[in-house]
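# Per-entry structural report
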Amino acid sequence: MDGKPFMEQFADIFAFLKDFGFKLVRAEADKTRIRWEDILDFKSAKLMILVQRSSESDNVCIVLGLPQDHYPDKPVGFNKLMDKKGISLSKHYLEKGCLSQAHELAGIIKDHFSSLLQGDLSLLQDIWANTDKASEVLLSKQRKLAFRTDKIGNAEILELPNTEEALGQEYLKQFPTHDYSNERIWVVIYPKGKLFCKTYEIALDSAKNFSRLQGEGEKS
């Protein structure tokens, strides 16, 4: 893969997904540049796999869910699937370069989640059942902790204290190197997910972008 543009190398690492009926429907830098710079979007008839490289930390993250436009429906971080099977990342995972991280994640998917790739969603269904109530409890707590709340189209922005209590344990598991240097953090609440942002301006751009995409989807 030496000499290839970065995005081609990134996509090549997950090319094995094509053997399970997935198509690469997006491989691009995120034009909103809100949190994730480089995105790979794979879809099969039953599953959507979004692979993201953070422009902030250079770390790679994977989110899975049901297929829809732009972001998985009922999203689940890949860390939850690994926890369910008792699988851990290598000791120095966060010290690796993004392509090495991608190779490690791809290997785990290939070796341990073939039934999921073939369309058996029972593992995801178990996680959905267990996390729906916890998500509602956390959102209720975040609303109480919020210094300010703004409604932007179908999205809502909460200005929160940058603390473990406000972030929630699932977020901290997914982003163990979270930066607490800023006193506040903003979370954008969508009908089917949420996004944490470092500034209000970034959160506002995200909410407006979601509302625009939502409007385009309703027109189509």
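Starting from 1, residues in each chain are numbered consecutively following that chain's sequence as written. Residues qualify for local features only when their pLDDT is at least 70, as the model is predicted, and side-chain atom pairs are given and counted only at 80 or more; totals for whole chains, interfaces and linings, by contrast, use all residues. As a convention, hydrogens and water are excluded, and side-chain values are obtained from all of the structure's heavy atoms.

## Brief notes about the overall build of the protein
Cut-off, in case you're wondering: In DSSP terms, a helix is any run of H or I states spanning at least four residues, a strand is any run of E spanning at least two, and both are numbered starting from the N terminus. Contact definition: two residues touch when any of their heavy atoms are within 4.5 Å. Values of accessible area rely on a 1.4 Å probe in the Shrake-Rupley scheme; residue burial ignores everything except the protein chains shown. For the purpose of counting charges, residues Lys and Arg are taken to be positive, whereas Asp and Glu are taken to be negative. His and the chain ends are not included. The location of each charge is read from NZ of Lys, CZ of Arg, CG of Asp or CD of Glu.
Secondary structure summary: the protein contains eight helices and nine strands in total. Along the first, second and third principal axes, the C-alpha atoms of the protein reach 45 × 45 × 40 Å. Within the protein, counting contacts between residues at least 6 apart in sequence, those at least 24 apart form 48% of the total. In the form shown here, the protein has an accessible surface area of approximately 11,800 Å², with 49% of it arising from carbon and sulfur atoms. Between the averaged position of the 31 positive side-chain charges in the protein and that of its 33 negative side-chain charges there is a distance of 4 Å.

## So, the side chain of Arg53
We count it as follows: Nitrogen and oxygen atoms within 3.5 Å of one another constitute a polar contact, given that in protein one can donate a hydrogen and the other can accept it, and given that sequence-neighbouring residues count only through two side-chain atoms.
As for its placement among the helices and strands, Arg53 is situated in strand S3 (residues 48-54). Here Asp58 takes part through its side chain, which lies 2.5 Å from a polar atom of the side chain of Arg53.

## Comments concerning unusual backbone geometry
As a reminder of what qualifies: Residue exposure (1.4 Å probe, protein chains only): buried if accessible area is under 20% of the type maximum, exposed if over 50%, otherwise partly exposed.
Despite not being glycine, Lys74 shows a phi value in the positive range, around 55°. Among the structural elements, Lys74 can be located in strand S5 (residues 73-77). The class of Lys74 is partly exposed, set by a relative accessible area of 35%.

## Things to note about the side chain of Lys43
Tracing the sequence through the fold places Lys43 in strand S2 (residues 36-43). Only 2.7 Å separates the side chain of Lys43 from the backbone oxygen of Gln68, close enough to count as a polar contact. With residues near it in sequence (within four places) discarded, Lys43 still touches Gly21, Phe22, Lys23, Val25, Met48, Gln68 and Asp69.

## Concerning the state of the cysteines
Stated formally: Two cysteine sulfur atoms make up a disulfide if the distance between them is within 2.5 Å.
Under the defined criterion, the tally for this structure stands at zero disulfides. Not part of a disulfide, Cys61 finds its nearest cysteine sulfur in Cys98, a span of 13 Å.

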